[in-house]
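One letter stands for each residue in the lines below.
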2 protein chains.
Amino acid sequence: MNGSGPTKLVDPLEDPLPGVGTYEDFNTIDWVREKSKDRDRHREITNKSRQSTVALLHSVSDAFSGWLLMLLVGLMAGALAGGIDIAAHWLTDLKGGVCLIGFWFNHEHCCWTSNETTFQERDRCPQWQSWAELITGTSEGAFAYIVNYLMYIFWALLFSFLAVILVRAFAPYACGSGIPEIKTILSGFIIRGYLGKWTLIIKTITLVLAVSSGLSLGKEGPLVHVACCCANILCHLFTKYRKNEAKRREVLSAAAAVGVSVAFGAPIGGVLFSLEEVSYYFPLKTLWRSFFAALVAAFTLRSINPFGNSRLVLFYVEFHAPWHLIELAPFILLGIFGGLWGVLFIKANIAWCRRRKSTRLGHYPIIEVLVVAALTALLAYPNSYTRMSGAELISELFNDCSLLDSSQLCGYKQPANVSETGVGNSLADRPAGEGLYTALWQLALALIFKMLITVITFGMKVPSGLFIPSMAVGAIAGRLLGVGMEQLAYYNHDWLIFRGWCSPGADCITPGLYAMVGAAACLGGVTRMTVSLVVIMFELTGGLEYIVPLMAATMTSKWVADAFGREGIYEAHIRLNGYPFLEAKEEFEHSSLAVDVMRPRRGDPALAVLTQDGMTVEEVENLVENTHYSGFPVVVSQESQRLVGFVLRRDLLISIDNARKRQDGIVGASLVVFTEHTPLQPPEAPPFLRLRSILDLSPFTVTDHTPMDITVDIFRKLGLRQCLVTHNGRLLGIITKKDILKHMAQIANRDPDSILFN
Amino acid sequence: MNGSGPTKLVDPLEDPLPGVGTYEDFNTIDWVREKSKDRDRHREITNKSRQSTVALLHSVSDAFSGWLLMLLVGLMAGALAGGIDIAAHWLTDLKGGVCLIGFWFNHEHCCWTSNETTFQERDRCPQWQSWAELITGTSEGAFAYIVNYLMYIFWALLFSFLAVILVRAFAPYACGSGIPEIKTILSGFIIRGYLGKWTLIIKTITLVLAVSSGLSLGKEGPLVHVACCCANILCHLFTKYRKNEAKRREVLSAAAAVGVSVAFGAPIGGVLFSLEEVSYYFPLKTLWRSFFAALVAAFTLRSINPFGNSRLVLFYVEFHAPWHLIELAPFILLGIFGGLWGVLFIKANIAWCRRRKSTRLGHYPIIEVLVVAALTALLAYPNSYTRMSGAELISELFNDCSLLDSSQLCGYKQPANVSETGVGNSLADRPAGEGLYTALWQLALALIFKMLITVITFGMKVPSGLFIPSMAVGAIAGRLLGVGMEQLAYYNHDWLIFRGWCSPGADCITPGLYAMVGAAACLGGVTRMTVSLVVIMFELTGGLEYIVPLMAATMTSKWVADAFGREGIYEAHIRLNGYPFLEAKEEFEHSSLAVDVMRPRRGDPALAVLTQDGMTVEEVENLVENTHYSGFPVVVSQESQRLVGFVLRRDLLISIDNARKRQDGIVGASLVVFTEHTPLQPPEAPPFLRLRSILDLSPFTVTDHTPMDITVDIFRKLGLRQCLVTHNGRLLGIITKKDILKHMAQIANRDPDSILFN
């Protein structure tokens, strides 16, 4: 809370000292003070705007600067995402071969100019040569296969090595998905450099390398981090956002929406993701601006057109058959699978990450990445479904088979009547052919492989997102179940459950839809997203038709997963890292009172307080030196303990230091005065040190009888750092955010010392 | 805040008296207390669930009751909306004629069985006879026209008369759109009966009548009211929601989403509408449940299929041509028009409503409705665009002309090459023909008519929504501009601005899109919705393609309108009615402090306080009788003014009354004691009246130096009724929600006494 108050701004003598009102690294901001500062600033500009035209223009430009910033964030993030897509596409193709007319072409571009007209032939145009062809001159035979295999592993190792080296050398913050840290930052924590320019540059480059290396990770989560870095850097262009931590966090919330918007081409889903999953303070104004930025970014990305199909969305799906009510049963089954997988994945991944932190494994991050990359490449290459990138795999699994589809997944036996009646009801359910059976086996193996490798991949020291691997696991499971259902219906269409809607020759079960539902369920289980997930999926399909299956699966998945523990993967990682994050979604259910949580505890020494006009500079300095508290309450007198205000340690130190240097006559024996009027003193005494300007005159207080659920609510909603506790008007103690988190950890039988920061 | 605290629940002797903890009509609830009550309840159930299987089942059913309630709300609201659609359709058609095979068929159903095969002929099937045909035997000639005209006016008068009579006689709360009141209720105000069963029944019936009468009003706003009534009634089935005002408001927020979902067939837009426009407290859990309920309702409505086309959305639009960047200029122009129209409409409508309140006009609501209905029918009939219902008009205006379209709006001159080359580029821009010119004239007249009549219609004592009339105004303006642009491009395709994208023979300008953009702009200007409006429109078109024009127009519209006053129509009506509504969107920008707003003011008599153990029953009763405050602070003693707690007038009166009746020996001289331990007293003194159980031991306090912007923030975010003001630990005064609203009115140079309720 801004103790200097609005009226003080007019007084030029009380201009804040540099450093007063700022925060240290790894500390929590005071939302109320920041917002109050911004309102003061706004008020000043509005008042001035009545005086001159220049000031009026300044006021107008100030009002629109938020929109301009959003526009820039959208453009920059969209452009970067486009660049990342193009580069990752090229490098991924490079693992398989090279384009002879120019090594900078990817496979598709290389073959565009080819004369081969049919679609399948174009895939094997002469300009594009696999490494075996280039080296041995032939693409057939076991030797060529081994050459390709080795080259694949070589590139995977090279890319992952470059990625981890760059991260280690230039920007250690660039690793991981970044979403846990961004959640923490948005809740008011300060991690300097986490959203800086080095992080941005290195994360962008290493993200491309990590994705191309074939590791089981996605670019969607890190794109959120990239977008937030863009926003944070662009904030420096505008005083309004540069100087105010709360305002900057509004922009970062919007940037999170932008990140998801460019990742999936789903602007509305992105905004809801930011609202539901990452943001802490999300006023309506931010909703509107996020939406704007998300749209700008989506359209920027589309005009770059990295997928070459001028689609906005990452996975464009179009289904033909409606779903039937009975199908809800398998969809719910997929939901249960997704929930269980989510729980298992979180438990396993956290156990593995804790092991990395506590054992010697964590000392060799480069070797770890190389080993995992080698392992991934070695196991992934033989299976075509793991060899392709995660996004390609999901696309293929979502795909609805048409008759002309050459994919193995569509390897159904051709119906007999095609040759006679032309195309016929080409989309009707058909018996599985040999191709499909092979595909199913490969998919089953891919499922096991993906499930295991993702657990050890997420959390390594390279940029790594979770969305794509989670979705891939779900999509494989869904497709398997979908094909199973389809075959069941084909061979048993006289069963009661199929009668009436799935007669022979009808197109009743769409395995692609099952894959989609499974993907949503698994992603939901891992992240515990709900509405935003369904809306993202809705934007991918574009039809309200399929929302109900998606919703049934996500709901089931969340309920099942929540039954085993309410934390999503991001919250679990936040806790693992000991960040001071007060979850807004979970209710505080214990019945403790403020008096049970506050410091000092019974038996502890009394609370360290300052008096408003009874302490000398030396006494204050001693008190500050001998304690480690971030702030001190100021009381009328030690006897009455009536609260006057609250002063922060940092502000106090800076002010005393400054006064000793600049102000004449301030010595150790000078009286520190927080009152408005100076007290009477003998004339020979040294001058006062007046510190009312750094005193927060409106500290938050609760009574000792306040239930903790209400106190937690106040902390969350107002974004407090600390709150004073009174009893019958007398100061009794203090509760900080850290105290609350420790108390909550204690209730949950966890180690309260796992909360590391203030 | 729940003074009795969680530990008290165990004590059976301190079970709350009936009435304690409830609220009076036209009062504001205490959100913190309600939420705390619910948490206590939840805690109790969870604790019990460990003891027995029955209790465990109870706990599980309690956890799922919210979802069940949502399902029921969705089903009921969807079914009602379907019924309303069908009935309104039938009655609207009845104004023009009757079906001979059964008067309960509407025009479309009547002609379904007809043998006429072409689409246009089916519209004039022999089974359906206009009133002139039925009465005079012919449908041609001036006489038949006059008969039809008179019958049209007759039905309009009859329907509107029935509507207003029913509202007057049975449910006065059923009039208007209901959204302003629902906003107020959701913010914590209590209006008993506003969401009751009579309101539901009467609003449903009269809504049908009002819409069918041809008045310039829509059913979309009232559908929100209907959905909220459903939710409120269904809440009575579940203790959890029946007894808790805060929990019930969560359900009502979801119901508002349901209302918009069924009105437009836009579930996501509905949820965002609830979030952006009506809700006050909208936790994430509610987001997810709203979404569920909105989907259930949308699918219920679709399975009833009132539009007969199995479309989910109200206006299904499909455009073929993309838009060009240059077109943003006319779109922004439409935004400016929408904004100006919004401002003008709000000003004019509020002025008219104030006139109705203050002059004798308000005493004759029935005559007013009849006069307006007669006027509307009289002026609307001759113009085919005003004769059709608002929804039909908008549908027609949104429509993209195809070559076969018989509508007057598509009366272009046929291109010469059609007869030669078949269909050709049938959708290319074409010169306007005679039919289109006629249509343009009629539309211009319809625009003026709609603009004027809507101002006096909204606010009459019949159910009346604003969405459709506002959209109609915008759609007409947009279509006019669109056709203008199209003709401009056709005749001047060599102009610089058209060169390159609008060559002859190209299909470059879609007047239907202009109509849509105009509709969004006008609706945005009137209601100041932004994201939700764009998302609703997105759901209607189903393509992200057209979001940018819509967004440009809505943004412009909001900015233009906000420049003249930040209030939307709903907020303006809330203020007109003097409801205590603390707008969450507007920032409090004045620099006053808590001490400037609190009571008592300087010079006023001191604050009425109780002491914790120094007053007799008689003294307390006198104090309560001689003041009108809703609550009293309790202090340690009059001298120290140290705050102990806060007690509500209602609870105090009920408790004293109860004690006097039930408890032996309580007389006027009995000491009222709020302390935990009873004070020493001479043995012959009458027994104490112990009232600690009704004392709120954790009242909110701020210091006198707290800036008002922070105080307002606390009130909004925590949902407070009152807050005590202290100075250096001593009680100084009190700030209530009403005080804040009065202060805000004063700052805005409005009459502070216009705030009527607590």
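Residues numbered from 1 in each chain as written. Chains lettered and ligands numbered in written order. Predicted model: local features only at pLDDT ≥ 70, side-chain atom pairs only at ≥ 80, totals over all residues. Heavy atoms only, no water.

**Considering a positive patch on the surface**
All names here are of chain A.
Next, step 1: Together, Arg 168, Arg 354, Lys 357 and Lys 461 line one region of the surface with positive charge.
Next, step 2: Considering the arrangement of structural elements, one finds Arg 354 in helix α15 (residues 328-358).
Next, step 3: What makes Arg 354 partly exposed here is its relative accessible area of 45%. (Patch = residues over 30% accessible without salt bridge, like charges linked within 9 Å, V, L, I, M, F, W, Y side chains within 5 Å. Areas by Shrake-Rupley, 256 points an atom, 1.4 Å probe, with all protein chains shown as cover. Salt bridge = Lys/Arg side-chain N within 4 Å of Asp/Glu carboxyl O. Lys, Arg positive; Asp, Glu negative; His and termini not counted. Charge placed at Lys NZ, Arg CZ, Asp CG, Glu CD. Helix = DSSP H or I, 4+ residues; strand = E, 2+ residues; numbered from the N terminus. Buried < 20%, exposed > 50% of the residue type's maximum accessible area, 1.4 Å probe, protein only.)

**Some points on the domain arrangement of chain A**
Reports often express the size of an interface as the amount of accessible area lost when the parts come together.
All names here are of chain A.
Next, step 1: Domains assigned within chain A are domain 1 (64-309), domain 2 (325-413 + 427-582) and domain 3 (594-754).
Next, step 2: Spacing between the C-alpha centres of domain 2 and domain 3 amounts to 53 Å.
Next, step 3: Contacts between domain 2 and domain 3 engage five residues on the former and nine residues on the latter.
Next, step 4: Taken over both partners, the interface formed by domain 2 and domain 3 buries close to 600 Å², and the fraction arising from carbon and sulfur atoms is 69%.
Next, step 5: Three residues, Arg 575, Pro 580 and Leu 582, lead the burial of domain 2 against domain 3; their summed loss comes to 85% of the area buried on that side.
Next, step 6: Our count for the domain 2 to domain 3 interface comes out at zero salt bridges. (Domains from an automatic or database assignment. Contact = heavy atoms within 4.5 Å. Buried area = accessible area lost by both parts, 1.4 Å probe.)

**A word on the packing of helix α24 (residues 547-563) of chain A against helix α14 (residues 284-304) of chain B**
Next, step 1: The interhelical angle for the contact between α24(A) and α14(B), taken along N-to-C directions, is 145°, at an axis separation of 11 Å. As for the relative orientation of α24(A) and α14(B), their crossing is left-handed in sense. Contacts from Ile547(A), Val548(A), Met551(A) and Met555(A) of α24(A) reach α14(B) at Trp288(B), Phe291(B), Phe292(B), Leu295(B) and Phe299(B).
Next, step 2: The residue inventory of the contact of α24(A) with α14(B), partitioned by class, reads nine nonpolar, no polar and no charged. (Axes fitted to C-alpha atoms, helices over the stretch in contact; angles between N-to-C directions. Left-handed = near helix turned anticlockwise from the far one by under 90°. Nonpolar A, V, L, I, M, F, W, Y, C, P; charged D, E, K, R; others polar.)

**Notes on the sheet that holds strand β6 (residues 643-648) of chain A**
Next, step 1: Sheet architecture is open: three strands sit in the order β3-β5-β6 (chain A), paired in mixed fashion. Two strands bound the open sheet, and with one partner strand each, they are β3 (610-611) and β6 of chain A. (Pairing = 2+ DSSP bridges.)

**Considering the relation of the copies chain B and chain A**
Next, step 1: For the pair chain B and chain A, the superposition axis carries a translation of 0.0 Å, the fit reaches an RMSD of 0.0 Å, and the rotation angle comes to 180°. One copy is carried onto the other by what is essentially a two-fold rotation axis. Judged by C-alpha distance, Gly729(B) is the residue of chain B that lies nearest the rotation axis, at 2.5 Å.
Next, step 2: Most of the interface of chain B is mirrored in chain A: 100% of its interface residues are interface residues there too. (Least-squares fit on C-alpha atoms with pLDDT ≥ 70 in both.)

**What about unusual backbone geometry?**
Next, step 1: Cis geometry is adopted by the peptide bond preceding Pro600(A), which originates at Arg599(A) and carries an omega value of -10°.
Next, step 2: Checked against the element boundaries, Pro600(A) lands in the loop between α26 (594-597) and β3.
Next, step 3: At Asn728(A), a position not held by glycine, the phi torsion is positive, near 45°.
Next, step 4: Take Asn728(A): its relative accessible area is 19%, and that puts it in the buried class.
Next, step 5: One non-glycine residue with positive phi stands out, namely Phe26(B), at about 55°.

**Quick look at the interface of chain B and chain A**
Next, step 1: Taken together, the contact pairs 70 residues of chain B with 70 residues of chain A.
Next, step 2: For the chain B and chain A pair, buried surface summed over both sides reaches about 6600 Å², with 69% attributable to carbon and sulfur atoms.
Next, step 3: Our count for the chain B to chain A interface comes out at eight salt bridges.
Next, step 4: Across the salt bridge formed by Arg39(A) and Asp709(B), the nearest N and O atoms sit 3.1 Å from each other.
Next, step 5: Where chain B packs against chain A, one counts nine residue pairs in polar contact (both at pLDDT 80 or more). (Polar contact = N/O pair within 3.5 Å; in protein donor to acceptor, adjacent residues only side chain to side chain.)

**Points about the sheet that holds strand β4 (residues 615-616) of chain A**
Next, step 1: The strand order across the open sheet built from three strands is β4-β7-β8 (chain A), with neighbouring strands paired in mixed fashion. Each having just a single partner strand, β4 and β8 (689-690) of chain A make up the two edges of the open sheet.

**Regarding the packing of aromatic side chains**
Residues and elements named next belong to chain A.
Next, step 1: With the rule as written, the count across this model stands at 57 aromatic pairs over all chains.
Next, step 2: An angle of 15° between the planes, with centres 5.9 Å apart, marks the rings of Phe 170 and Trp 198 as stacked. Taken together, the residues span a long stretch of sequence, with Phe 170 in helix α7 (residues 141-170) and Trp 198 in helix α9 (residues 197-212) at a distance of 28 residues.
Next, step 3: On the basis of an interplanar angle of 45° and a centroid distance of 5.2 Å, the ring pair of Trp 341 and Phe 345 is categorised as tilted. One end of the pair is Trp 341 and the other is Phe 345, both in helix α15 and four residues apart, which spans about a single turn. Each of the two residues, Trp 341 as well as Phe 345, counts as buried.
Next, step 4: Lying across the ring of Tyr 281, Lys 35 places its NZ or CZ 4.2 Å from the centre. (Phe/Tyr/Trp six-rings, centres within 6.5 Å; stacked < 30°, edge-to-face > 60°. Lys NZ or Arg CZ within 6 Å of the ring centre and 35° of its normal.)

**Thoughts on the UniProt feature "domain: CBS" (unreviewed entry) in chain A**
Residue and element names in this part refer to chain A.
Next, step 1: UniProt records the feature "domain: CBS" (unreviewed entry) at residues 598-662 and 694-752, using the numbering of this structure.
Next, step 2: In this annotation, residues 598-662 is assigned 37% helix and 23% strand; the end-to-end C-alpha distance for the span is 38 Å.
Next, step 3: Taken end to end, residues 694-752 is 37% helix and 27% strand, and its two terminal C-alpha atoms sit 32 Å from one another. (UniProt positions renumbered as here; feature names shortened; annotations may be inferred.)

**So, the pattern of salt bridges**
Next, step 1: Taken as a whole, this structure holds 54 salt bridges over all chains when the rule is applied.
Next, step 2: Notably, a salt bridge pairs Arg249(B) with Glu245(B), separated by 2.8 Å at the nearest N-O pair. Of this pair, Arg249(B) and Glu245(B) both sit in helix α12 (residues 245-264), four residues apart, which is roughly one turn of the helix.
Next, step 3: The class of Arg249(B) is buried, set by a relative accessible area of 4%.
Next, step 4: Judged by its relative accessible area of 13%, Glu245(B) falls in the buried class.
Next, step 5: One salt-bridge network, held together by shared partners, links Lys35(A), Arg39(A), Asp40(A), Arg43(A), Asp709(B), Asp713(B) and Lys717(B).

**Quick look at the nonpolar core**
As a rule of thumb, soluble globular proteins bury nonpolar side chains together.
Next, step 1: Grouped together as the largest cluster of nonpolar side chains are 333 residues, with contacts concentrated most on Phe291(A), Phe398(A), Phe291(B) and Phe398(B).
Next, step 2: For Phe291(A), the contacting residues outside a window of four places in its chain are Ile268(A), Val271(A), Val531(B), Val534(B), Val535(B), Ile547(B) and Met551(B).
Next, step 3: Tyr23(A), Trp31(A), Phe588(A) and Leu720(B) belong to the second largest nonpolar core, which has 56 residues in total. (Core = buried A, V, L, I, M, F, W, Y, C linked by side-chain atoms within 4.5 Å.)

**Considering the state of the cysteines**
Residues and elements named next belong to chain A.
Next, step 1: Applying the stated criterion across every chain yields a total of two disulfides over all chains.
Next, step 2: Paired through a disulfide, Cys 99 and Cys 110 show a sulfur-sulfur distance of 2.0 Å. Where Cys 99 bonds to Cys 110 through sulfur, the torsion about that S-S bond is close to 85°, and the disulfide is right-handed. Pair noted here: Cys 99 is in strand β1 (residues 97-99) and Cys 110 is in helix α4 (residues 107-112), with a separation of eleven residues, a long-range link.
Next, step 3: For Cys 99, a relative accessible area of 4% puts it in the buried group.
Next, step 4: Of the cysteine sulfurs around Cys 230, a residue in no disulfide, the closest is that of Cys 229, at 7.0 Å.
Next, step 5: Here Cys 522 is not disulfide-linked; the sulfur of Cys 353 is the nearest cysteine sulfur, at 19 Å.
Next, step 6: Looking at Cys 522, the relative accessible area reads 0%, which means it is buried. (Disulfide = S-S within 2.5 Å.)

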